[in-house]
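Report on the structure
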Amino acid sequence: MKNFARAMALLAATCSLLAGPAHSQAPGADFPNKPIRMIVTFPPGGSADAVVRMLVPRLNDKLGQAVVVDNRPGAGGNVGLSAVAKAPGDGYTLGVGAAGALSANVSLYPNMPFDPLKDFRPVAMLAAIPFVIVGHPSLAAKTQRELIALARAQPGKLSIGHGGNGTAMHLSAALFGQMADVKLVEVPYRGSGPAALDAMAGQIPLAVVDLPSALQQIKAGKLVAYAVTSPQRLPMLPDVPTVAESGLPGYDSTGWFGVVAPADTPAPIIARLNAEIVAALNDEQVKAAMRNLGVEPAPGTPKAFDDYIRAETRKWAQVIKTAGIKLD
């Protein structure tokens, strides 16, 4: 009997050692238990910042902790995401980055402070931002096909404004020129709004701009909308065709932004954050508010976002190389 008792005690001790301390938990089991910092790589007031702030009240409620927005713009998103890359992978520091910082900048900047594909773990894509190619009403071309014909007849004579060097609008213009086999003079502006205003004033004949910057002017007939850059037509401009269906099949250039975490963030934490973000994006009030801003909700899995970032990185690397675009 004593031997049996001794054996049972030894077995219990062995099981205890194998199981670890009674209080141990899987990584992220108690997440979150303090506020979460969301580093937004855009200044306050822009569409990405506005979308994040729409989601925050719902995330606060579902996560049971405050999500604090920390705006850190600069260097095409590199400043803010650099801070995220250096943060502990515990789920309490997240970043909101866009197509530039997460896919294009690695081909634009000679010295990146982080590797977008190695230093982050995608959490969730938030939104897609379609662009529109617009022109002054005095321009002879009234359709995209006519525009391409006009540009081919006058190589290097037509200028096209965009929202700034290295932006998704800049790359959209470069991709358009490459696929249409036309030479356009690309003119950078400090944002989409100024480019749209100069096109409306006739200072430049063409521009690639985001929808909020041009929608009212298009509806008022002050700008001609040749095509939208997204794969599908937009509900706000149902009569405006896509670039792809207007003679350049396969064209797709959509701005986007989403949430990432440091690379060593545990999978259970990523899954929890993704679930709550996707639920917030699927809220009907949130969807309506986002569409009023000219952005399209884009909920999905972490893997889908990761795959998309990698595909965009490959695409823009080729466009940038062909166009010879470099930034300091």
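Everything numeric in this text was worked out from a predicted model, so none of it was measured. (Residues numbered from 1 in each chain as written. Predicted model: local features only at pLDDT ≥ 70, side-chain atom pairs only at ≥ 80, totals over all residues. Heavy atoms only, no water.)

**What to know about helix H9 (residues 267-281)**
The end-to-end C-alpha distance of H9 is 21 Å, a good match for the 21 Å that 15 residues give at a rise of 1.5 Å each. Taken together, the buried positions of H9 are occupied by Ile 269, Ile 270, Leu 273, Asn 274, Glu 276, Ile 277, Val 278, Ala 280 and Leu 281. (Helix = DSSP H or I, 4+ residues; strand = E, 2+ residues; numbered from the N terminus. Expected span 1.5 Å × (residues − 1). Buried < 20%, exposed > 50% of the residue type's maximum accessible area, 1.4 Å probe, protein only.)

**Looking at the sheet that holds strand E6 (residues 159-162)**
Taken together, five strands build an open sheet; the order of strands is E7-E6-E8-E5-E9 and the sheet is mixed. With one partner strand each, in any of the chains shown, strand E7 (185-188) and strand E9 (224-228) form the two edges of the open sheet. Neighbour to neighbour, the strand axes of the sheet diverge by 25 degrees on average, direction disregarded. The sheet contact formed by strand E5 (residues 131-135) and E9 spans four bridges and is antiparallel. What sits directly across from Val 134, in E9, is Ala 225. Those strands touched by helix H8 (residues 211-219) are E5, strand E8 (206-210) and E9, and its axis lies near 115 degrees from that of E8. (Pairing = 2+ DSSP bridges. Axes fitted to C-alpha atoms, helices over the stretch in contact; angles between N-to-C directions. Contact = heavy atoms within 4.5 Å.)

**Concerning the nonpolar core**
Grouped together as the largest cluster of nonpolar side chains are 86 residues, with contacts concentrated most on Met 38, Leu 126, Leu 147, Phe 176 and Phe 257. Apart from the residues lying within four places of it in its own chain, the contact partners of Leu 126 are Val 52, Leu 55, Val 96, Phe 257, Gly 258, Val 259, Ile 277, Leu 281, Met 290, Glu 296, Pro 297 and Ala 298. Grouped together as the second largest cluster of nonpolar side chains are 19 residues, Tyr 189, Ala 196, Ala 214 and Leu 234 included. (Core = buried A, V, L, I, M, F, W, Y, C linked by side-chain atoms within 4.5 Å.)

**Things to note about the side chain of Asp 49**
Turning to its location among the elements, Asp 49 is positioned in helix H2 (residues 47-63). Setting aside its immediate chain neighbours within four residues, Asp 49 contacts Val 40, Pro 43, Pro 44, Val 69 and Asn 71.

**Concerning the layout of surface pockets**
Put simply, the largest pocket is a space of about 1000 Å³. In terms of lining, the largest pocket is formed by 42 residues, of which the most central are Phe 42, Ala 98, Gly 163, Thr 167 and Met 169. Where the lining of the largest pocket is concerned, the elements lending two or more residues are H2, helix H4 (99-108), helix H6 (168-180) and strand E10 (255-262). With five residues, the top contributor of residues to the lining of the largest pocket is H4. Considering only residue class, the lining of the largest pocket consists of 21 nonpolar, 18 polar and three charged. Approximately 210 Å³ is the volume found for the second largest pocket. (1 Å grid on protein atoms, 1.4 Å probe; cavity = no way out; pocket = protein on both sides within 12 Å on 5 of 7 lines; lining within 4 Å. Points joined across faces, edges and corners; volume = space filled by probe spheres on them. Nonpolar A, V, L, I, M, F, W, Y, C, P; charged D, E, K, R; others polar.)

**Considerations on the pairing of strand E3 (residues 93-98)**
For E3, a buried count of six out of six residues is recorded, marking the element as mostly surrounded by other parts of the structure. Alternating positions in E3 separate into two faces, Thr 93, Gly 95 and Gly 97 on one and Leu 94, Val 96 and Ala 98 on the other, with burial throughout. By the bridge criterion, four bridges tie strand E1 (residues 36-40) to E3 in an arrangement that is parallel. Across the sheet, the residue bridging to Ile 39 is Gly 95, located in E3. Across four bridges, the pairing between E3 and E10 is antiparallel. Bridge assignment links Ala 98 to a residue of E10, and that residue is Phe 257.

**Some points on the side chain of Asn 78**
Tracing the chain through its elements places Asn 78 in helix H3 (residues 78-86). Setting aside residues no more than four positions away along its own chain, Asn 78 makes contact with Ala 101, Asn 105, Tyr 109, Met 112, Pro 113 and Phe 114.

**Points about the packing of aromatic side chains**
Applying the stated rule across the entire model yields five aromatic pairs. For the pair Trp 256 and Phe 305, a centre-to-centre distance of 5.8 Å together with 85 degrees between the ring planes defines the contact as edge-to-face. On the criterion of sequence distance, the pair formed by Trp 256 in strand E10 and Phe 305 in helix H11 (residues 302-323) is long-range, its members being 49 residues apart. Under the relative-accessibility criterion, Trp 256 is labelled buried at 1%. Overall, the relative accessible area of 2% leaves Phe 305 in the buried class. Measuring from centroid to centroid gives 5.5 Å for Trp 256 and Tyr 308, while their planes differ by 70 degrees, and the two rings are edge-to-face. Here Tyr 308 lies in helix H11 and Trp 256 lies in strand E10, a separation of 52 residues in the sequence. Taken together, the aromatic side chains of Trp 256, Phe 305 and Tyr 308 make up a single cluster linked through ring pairs. Between Lys 34 and the ring centre of Tyr 92, over which it is positioned, the NZ or CZ distance is 4.7 Å. (Phe/Tyr/Trp six-rings, centres within 6.5 Å; stacked < 30°, edge-to-face > 60°. Lys NZ or Arg CZ within 6 Å of the ring centre and 35° of its normal.)

**Description of the pairing of E6**
Going residue by residue along E6, you find Ser 159 and Gly 161 tucked away on one face and Ile 160 and His 162 tucked away on the opposite face as well. With four bridges connecting them, E6 and E7 associate as parallel partners. From the neighbouring strand, Ile 160 faces E7, where its bridge partner is Glu 186. Assessed by its sense of winding, the connection that carries the chain from E6 through H6 to E7 is right-handed. Note that E6 and E8 share two bridges and pair parallel. Pairing of Ile 160 across the sheet is with Leu 206, part of E8. (Right-handed = clockwise from strand over helix to strand, strands pointing away.)

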